[in-house]
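Chain by chain, the residues run as shown.
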Number of protein chains: 2
Amino acid sequence: MADLIAPQVLKGFRDALPSAEIPRRTLLAQLERVFASYGFVPIDTPALEYAEILLGKGGGETEKQMFRFEDNGGRDVALRFDLTVPFARFMATNLAQLPLPFKRYHMAKVWRGEKPQKGRYREFYQCDCDIVGVDSAAADFEILSVMASALLEVQAGQFTILVNHRGLFNRFLDKIGNRAHSVEILRTVDKLGKLGRTEILAQLTTLVGETGAEQILRFVEARGNFAEVLGELEKLAGGAAEDSQRLREIFNLLRHTGLEGHFRLAPSITRGLDYYTGVVFETVLEDLPEIGSVCSGGRYNDLANLYTKEKLPGIGGSVGLDRLMAALEELGRLPRSATTSQLLILNSGQEQAGTAQALAAALRAQDVRCEVYLDERKTAAQYKYAESKGIPFVASFGPGTPPALDQPFQLKDIRSGEARLVRLKEALEWINS
Amino acid sequence: MADLIAPQVLKGFRDALPSAEIPRRTLLAQLERVFASYGFVPIDTPALEYAEILLGKGGGETEKQMFRFEDNGGRDVALRFDLTVPFARFMATNLAQLPLPFKRYHMAKVWRGEKPQKGRYREFYQCDCDIVGVDSAAADFEILSVMASALLEVQAGQFTILVNHRGLFNRFLDKIGNRAHSVEILRTVDKLGKLGRTEILAQLTTLVGETGAEQILRFVEARGNFAEVLGELEKLAGGAAEDSQRLREIFNLLRHTGLEGHFRLAPSITRGLDYYTGVVFETVLEDLPEIGSVCSGGRYNDLANLYTKEKLPGIGGSVGLDRLMAALEELGRLPRSATTSQLLILNSGQEQAGTAQALAAALRAQDVRCEVYLDERKTAAQYKYAESKGIPFVASFGPGTPPALDQPFQLKDIRSGEARLVRLKEALEWINS
């Protein structure tokens, strides 16, 4: 006998067993339903692209993390490490065929050769939706609204989406004469929640002096409802302008759709440094704030400038799928089932095999997911199969002559132990109750 | 300004625009619903595996077609080229956690660096379902039944699933003393439909002489209903045995579930040569026979023997997704829509923006997929957007003061041109009619 090959998966990769894949697919289907309800459409792009395209302006961490190689035709290729860069390339490639504004979602795997650690893998899903080709309050509102609808759909509990506008903050920094340090200031302020006020004040003082530091903290610590905070920020930034007006319009739309309770204007939110140019947002689950943001994104002013001269402003939101799944599981809102079956029909041998399959077909025609046990084994073994998979109901025919489909059969709820003789109609009522 | 990077996809790869991705996802969801109705569960495996695992016994075409490279950690890795080999590895890896029989489906991308040609790509989907850990007529029937249910669900029109049993054919070859040539005979017979009787008779005569050739053609040309053909084959093979009894049991179950009209016992079907050991099948679409088999598969006696000593008999079926999509499109049963929206609400400016979004939210709450146009542009441009995306309904508010949600608005079916003033309830009735 030949030596066996060890059935190992690569470091940082993992199999998805049904107990993980069923809830993930359920979650993806819920998100997809929400995206589609707003008229977003799905796209897909190749897993492999020219390395040059994925590198873009390139360099740094991205390059080190890419799975990059030479293919059999001598091309320099790599696996995509996110969905944003391929989307930018996609827009440049297919612009002529896409009516603008273009609203797409893309839920797919990406690969990064980063050091594996708890909860971080080299293969994972991203789940992005973007509106490209328009710069309007309606588009900003729509991304915020679709994110809120998604969190409501998956029953993530109480949540707050924290919103800010990069332009408003920059205008404020201009006014206090500190725009030159904006990158360091944004980076420092972003850590306010983590490091606390005293530490951040000290760091800011080193950067811009005591007066500047206090002005900045006054800005990012503005408190109140959306309108109050906006009024305060506007005043600190030198009055109304396009940025504050945009936030006001967005809030007006949130109010009209009854969503305003899920949103807070949070001037310390900055979301990275280069890419975003307008509205930015991130999301706190109130029942599990320590897990971090589960949806985030923002407005950019030119998506695809590496690949086309066509200027494509847009706004995008991204659902952190693994983190959201972890959160839902911790909140007890993610049923971990190893089956999709609602009912197992016992296999009582040849004589009854035809009727058992006919019953299964009749139940499926009524949208009951069910299966016949596929081997002739002892009843106890068949029950064990149902239990280990979490199938709630078991049906069986009594011994004797081949039963007819219109005769009663035994139905048992193995969670409660209750068993009854039922006909098809009663069975359906019980299973669906 | 920096030079642009050409936004090209790799040779043999392609973007999926919404007009292709929407029907594909619809089709995958339909297949998934059918698989789940039989209690099959989804799994996933890494796109990248150790090359050694994917190569298996290795060599030949497979090795040449693999996207294989050394990763940053010096490992010899490759992208999966099918879902069967990773499934075998998956079973060996996770056997302790999987109650047998294990019934899984896996719908995912695979990669092959083969020469691109019309309709063949280097990245494509496979869609497999298998039952592992049992060798029974019930399991064989279930795979055949799930394939038939899938074709009924996607409305592929009239179809016939051609079934054979490798054991029965081999027994017949034993009887006529030609088992030694079985590989060449199977390969020749498999071309009967393509090359015609005269040519196949000539080829068989060269192989096994005139008498043998005529006996073989008599076997593979047996005609009649399932029971008649089975009786004839059994006689030619030397009487009843396990193989013919298995076919009889399967047919009995097909009859009990009303599916027998979709199946034909077809002794010339052989499906490759090494892997399968029992029942084999392939599928003809009666309205489009030239497109080839859209579902095929068969029974194997040991799935994972390269990776584990545990013997895992099973049966699998595979849906040829690209081919099925092409067929459905040609049959006019695959709506090629570029949108998921049912309704566009016109953007009539600031004053009415809140009510427009409130109407959209109210419609979504009633399961209408809809969107507000995101820019303030001329009405004609907004209509053009709806038309180019294939959105059937357009809603708008008359000019003037901000409308209230409980007031009537204009709804127009842009396919017929009919327009009416409606309230929400009437709008819902019209859109859903």
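As the structure is a computational prediction, the values presented were derived from the model and not from experiment. (Residues numbered from 1 in each chain as written. Chains lettered and ligands numbered in written order. Predicted model: local features only at pLDDT ≥ 70, side-chain atom pairs only at ≥ 80, totals over all residues.)

Enquirer: Explanation requested: the overall build of chain A in the structure shown.
Expert: Helix and strand counts for chain A stand at 15 helices and 16 strands. What you see for chain A is a C-alpha radius of gyration of 28 Å, clearly larger than the 22 Å of a compact globule of 433 residues, by over 25%. Structurally, chain A occupies a C-alpha span of about 90 × 55 × 45 Å along its principal axes. Looking at the 433 residues of chain A, the share that counts as buried comes to 45%. Residue pairs in contact within chain A that sit at least 24 positions apart in sequence constitute 67% of those at least 6 positions apart. (Helix = DSSP H or I, 4+ residues; strand = E, 2+ residues; numbered from the N terminus. Rg over C-alpha atoms; globule rule 2.2 N^0.38 Å. Buried ≥ 20, exposed ≤ 12 C-beta atoms within 10 Å, placed from the backbone. Contact = placed C-beta atoms within 7 Å.)

Enquirer: In this structure, what is going on with the sheet that holds strand β5 (residues 102–111) of chain A? I would like to understand it.
Expert: Backbone hydrogen bonds hold the strands of a sheet together, and the pairing may be parallel or antiparallel. All names here are of chain A. If you trace the eight strands from one edge of the open sheet to the other, you get β1-β5-β6-β11-β10-β9-β7-β8, paired in mixed fashion. Looking at which strands have only one partner, the edges of the open sheet turn out to be β1 (41–42) and β8 (263–265). Its contacts with the sheet place helix α5 (residues 137–153) against β6 (123–132), β7 (159–165), β8, β9 (279–285), β10 (295–300) and β11 (314–319), and it is angled at close to 10 degrees to β11. (Pairing = 2+ DSSP bridges. Axes fitted to C-alpha atoms, helices over the stretch in contact; angles between N-to-C directions.)

Enquirer: Explanation requested: unusual backbone geometry in the structure shown.
Expert: Most peptide bonds take the trans form, and the phi angle of most residues other than glycine is negative. Residue and element names in this part refer to chain A. The linkage connecting L100 with the following residue, P101, adopts the cis geometry, with an omega of -5 degrees. Mapped onto the elements of the fold, P101 is located in the loop between α4 (84–94) and β5. The phi dihedral of D367 is positive, around 65 degrees, even though this residue is not glycine. Mapped onto the fold, D367 is located in the loop between α13 (350–365) and β13 (370–372).

Enquirer: Which parts of the structure should I look at to understand the sheet that holds strand β3 (residues 68–70) of chain A?
Expert: All names here are of chain A. The strand order β2-β4-β3 describes an open sheet built from three strands, whose pairing is antiparallel. Of all the strands in the sheet, just β2 (48–50) and β3 have a single pairing partner and so form its edges. Put simply, the sheet's adjacent strands are angled 35 degrees from each other on average, direction ignored.

Enquirer: Help me understand the relation of the copies chain B and chain A in this model?
Expert: The relation between the two copies of this chain is a rotation about an axis and a shift parallel to it. Aligned on chain A, chain B shows an RMSD of 0.0 Å; the corresponding rotation is 180 degrees and the shift along the axis is 0.0 Å. Here the transformation between the copies is reduced to the relation of a two-fold axis. Closest to the rotation axis within chain B is the C-alpha of B:F69, separated from it by 3.2 Å. Take the interface residues of chain B: 100% of them recur as interface residues in chain A, which is what a same-surface contact looks like. (Least-squares fit on C-alpha atoms with pLDDT ≥ 70 in both.)

Enquirer: What is the right way to look at the domain arrangement of chain A in this model?
Expert: Interface extent is often summarised as the accessible area lost during association of the parts. By domain assignment, chain A separates into domain 1 (159–285) and domain 2 (343–432). Just the C-alpha atoms count here: the centres of domain 1 of chain A and domain 2 of chain A sit 61 Å apart. (Domains from an automatic or database assignment.)

Enquirer: Looking at this structure, I do not really get the interface of chain B and chain A. What am I missing?
Expert: Each partner contributes residues to the interface: chain B has 82 residues there, and chain A has 82 residues. When grouped by side-chain class, the residues that make up the side of chain B that touches chain A number 43 nonpolar, 22 polar and 17 charged. (Nonpolar A, V, L, I, M, F, W, Y, C, P; charged D, E, K, R; others polar.)

Enquirer: Honestly, the pairing of β10(A) in this entry has me stumped. Any pointers?
Expert: Residues and elements named next belong to chain A. Burial runs high along β10: six of the six residues are buried. As paired elements, β9 and β10 share three bridges and run antiparallel to each other. Bridge pairing links V280 to G298 in β10. Pairing of β10 with β11 involves six bridges; the strand directions are antiparallel. By the bridge assignment for β11, G297 is matched with G317.

Enquirer: Which parts of the structure should I look at to understand the pairing of β6(A)?
Expert: Consecutive residues of a regular strand have side chains that alternate between opposite faces of the sheet. Two strands pair when backbone bridges link them, and β5(A) and β6(A) are joined in this way by 10 bridges, in the antiparallel orientation. Across the sheet, A:V110 pairs through a bridge with A:F124, a residue of β6(A).

Enquirer: I tried to follow the confidence of the model for chain A on my own but got confused; where do I start?
Expert: Should the pLDDT be low somewhere, the predicted coordinates at that spot are not to be read in detail. Here chain A averages 92 in pLDDT, while 97% of its residues score no lower than 70. Reported confidences for the modelled complex are a pTM of 0.93 and an ipTM of 0.92. (pLDDT = per-residue confidence, 0-100.)

Enquirer: It is not clear to me how the packing of α5(A) against helix α11 (residues 242–256) of chain A should be interpreted in this structure. Could you clarify?
Expert: Two numbers describe a pair of packed helices, the interaxial angle and the distance between the axes. All names here are of chain A. It is at 9 Å that the axes of α5 and α11 come closest, and there the two elements cross at 50 degrees. Viewed along their axes, α5 and α11 adopt a mutual orientation that is oblique. The interaxial crossing formed by α5 with α11 has right-handed handedness. Facing A137, D140, F141 and L144 of α5, the residues of α11 in contact are R246, E249, I250, L253 and L254. (Parallel < 35°, antiparallel > 145°, perpendicular 65-115°, else oblique. Left-handed = near helix turned anticlockwise from the far one by under 90°.)

Enquirer: What's the story with the packing of helix α10 (residues 226–237) of chain B against helix α11 (residues 242–256) of chain B in this structure? I'm lost.
Expert: Residues and elements named next belong to chain B. One can describe the packing of α10 onto α11 by two numbers: an axis separation of 11 Å at closest approach and a directional angle of 175 degrees. In this view, α10 runs roughly antiparallel relative to α11, as classed from their interaxial angle. Between α10 and α11, the residues in contact are F226, A227, L230, L233 and E234 and S244, L247, R248 and F251, respectively. Class assignment for the residues of the contact of α10 with α11 results in six nonpolar, one polar and two charged.

Enquirer: How do you make sense of helix α5 (residues 137–153) of chain B when you look at a structure like this?
Expert: Residues spaced three or four apart along an α-helix face the same direction, because each turn holds 3.6 residues. For α5(B), which comprises 17 residues, the first-to-last C-alpha distance of 24 Å matches the rise-based estimate of 24 Å (1.5 Å per residue) to within 8%. With 15 of its 17 residues buried, α5(B) lies for the most part within the structure. (Expected span 1.5 Å × (residues − 1).)

Enquirer: What am I meant to see in the environment of B:E221 here?
Expert: Residue and element names in this part refer to chain B. Among the secondary structure elements, E221 is positioned in the loop between α9 (197–220) and α10. Overall, E221 belongs to the partly exposed group, with 14 C-beta atoms counted inside 10 Å. Put simply, E221 and R197 are 24 residues apart on the chain and 9.7 Å apart in space, counted from C-alpha to C-alpha.

Enquirer: Got a minute to help me understand helix α6 (residues 166–175) of chain A in this structure?
Expert: Of all the residues in α6(A), the buried ones are A:R166, A:L168, A:F169, A:R171, A:F172 and A:L173. Once α6(A) finishes, A:G177 follows within two positions and takes phi at roughly 75 degrees, a positive value.

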